[in-house]
Amino acid sequence: MNRAKVRTQLSENSIKVYEDKNLQIIIAVTLMAVLGSSSIGPALPALAEDFKIPPEQIGLVITAFVLPVALGTPVFGVLADRFGRKQILVPSLLLFTIAGAACAFAPNFRTLLEMRFLQGVGAASLESLALTLISDLYNGKMLTAAMAFNGSMIGMSLALYPLITGGLTTLGWRYVFLLPLSAIPVVLLVLFSLKTPKLQNQQEFNLKAYLQNIWRSVNNRQVIGLLFAVVSLFILLFGAYFTYIPILASDMGASDVVIGIILASMALSLAFVSSQLALFAKNLSELTLIKFSFVIYALALVITPFLHNVWLLLIPSFLFGAAHGMVFPSTQALLGGLAPQEYRAGFMAVNATVLSLGQALGPLLAGVAFGLWGMQGVFYSSAVFAIATLALLSKIFAKKSTLERIL
């Protein structure tokens, strides 16, 4: 099934994009990717106590999963273009499931880390291939709507997963690591129900030419601008917000429960705005939404140091969620539209790698700002960074004719 055919079917039958079974299966893949990285937080204290692990080492449980994701995503992108989406996605999901569930039976900390590493290998292709498949199957405003629905489901999962795993942790931390078993029905759906477009004949696949084509597709002003927007939004989210909003709330005397509510409010705002993005995109271009989101980021960051009641931190949280709900689907829709089908998975893998770079740089850069200027400096410097990003994007996309033809 090709991309144009999917779009035609949706248009002729007046089916809303979220009712398309293909997209529902792809969303399930996305939710598995999010599950691997965001579900274990509530279990870490109990795990550390059980294995007698010092606090400074418990972060290895997350690092062991994230490292193979960051390193393996480009490799799996190449393989998906060479052999096909399902041929990579199905074994990846199986490895994610088996290694993830094996963590529940780990007899010691080292074995747990080894299984988490293998689970990360299985997860390395999931998010980038989900974005690739969405770009394969949709175009135009339908692509934006599909990316927006994907973003809204990510937001909902970020709010719900900690609640689910928090409840399971009361039974024992090992129960949390059984959650990857929920990927088994996803494997069956991908294998037997997911319709993917037929790739061009890959019998004469030339790796050197393939990599050169990806480089040429990435090495242009508009793609670099979009990738810069992606890395910037995750620097802001994982730096000032995820790292220092909880610290600021704690300094105000907030309990862990209150901090959790504040963070969940961001995820819910993200989910809501993403769910409405298709309506916004009817009157506003994706590029306008991207620029506007950085204005909202800057506003949220500027007002944060003036808030002296912990519940007022819900304001920047809602603003952060709204900004992320606009910018992430919009950037992904534009990048997906720019990626040629024959090496789209590799192209989107570059995008996923840049995303991971932003997640890694955010806490480091915010930590430097904190060391130089204190808590207020974190938010003010981040606001300056948001405005600088907006200015740079405005300059890069002063001539936007190519992007206007995509969506």
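In what follows, the structure referred to is the one given above.
First things first, this report covers the structure right here in the doc. All values derive from a computational prediction rather than experimental measurement. (Residues numbered from 1 in each chain as written. Predicted model: local features only at pLDDT ≥ 70, side-chain atom pairs only at ≥ 80, totals over all residues. Heavy atoms only, no water.)

**What about unusual backbone geometry?**
Argument step 1. The backbone phi angle of K52 is positive, close to 60°, even though this residue is not glycine.
Argument step 2. Inspection of the secondary structure puts K52 in the loop between α3 (44-51) and α4 (55-58). (Helix = DSSP H or I, 4+ residues; strand = E, 2+ residues; numbered from the N terminus.)

**Notes on the side chain of N150**
Argument step 1. Inspection of the secondary structure assignment puts N150 in helix α9 (residues 140-169).
Argument step 2. Residue classification places N150 among the buried residues on the basis of a relative accessible area of 2%.
Argument step 3. Beyond its immediate stretch of four places on either side in the chain, N150 contacts I27, T30, L131 and I134. (Buried < 20%, exposed > 50% of the residue type's maximum accessible area, 1.4 Å probe, protein only. Contact = heavy atoms within 4.5 Å.)

**What about helix α18 (residues 344-396)?**
Argument step 1. Its 53 residues place the ends of α18 only 23 Å apart at the C-alpha level, less than the 78 Å of an ideal helix rising 1.5 Å per residue.
Argument step 2. At W373, α18 shows its largest kink, close to 135°. (Expected span 1.5 Å × (residues − 1). Bend = angle between axes of the 7 residues up to and from the residue.)

**Focus: the packing of aromatic side chains**
Both the distance between ring centres and the angle between the ring planes are used here to describe each pair of aromatic rings.
Argument step 1. Taken as a whole, this structure holds 13 aromatic pairs when the rule is applied.
Argument step 2. A ring pair is formed by W173 and F177, whose centres lie 5.8 Å apart and whose planes are at 85°; its orientation type is edge-to-face. You'll find W173 and F177 in the same group, each marked buried.
Argument step 3. Aromatic pair Y244 and F370: ring centres 5.4 Å apart, planes at 25°, arrangement stacked. Residue Y244 is located in helix α13 (residues 221-251), and its partner F370 is located in helix α18; the two are separated by 126 residues in the primary sequence.
Argument step 4. Counting every residue linked through ring pairs, the aromatic cluster contains F234, F238, Y241, F242, F294, Y297, F320 and F328. (Phe/Tyr/Trp six-rings, centres within 6.5 Å; stacked < 30°, edge-to-face > 60°.)

**Quick word on the environment of M156**
Argument step 1. Within the secondary structure, M156 is located in helix α9.
Argument step 2. Separated by 214 residues in sequence, M156 and F370 have C-alpha atoms that sit 30 Å apart.
Argument step 3. Every residue in contact with M156, bar those within four places of it in the chain, is listed here: A267, L268 and A271.

**Some thoughts on the pattern of salt bridges**
Argument step 1. Per the stated rule, a full pass over the model turns up five salt bridges.
Argument step 2. The salt bridge partner of D136 is R85, with a shortest N-O separation of 2.9 Å. Here R85 lies in helix α6 (residues 85-102) and D136 lies in helix α8 (residues 126-137), a separation of 51 residues in the sequence. You'll find D136 and R85 in the same group, each marked buried.
Argument step 3. Note that K141 is salt-bridged to E286, the shortest N-O span being 3.1 Å. (Salt bridge = Lys/Arg side-chain N within 4 Å of Asp/Glu carboxyl O.)

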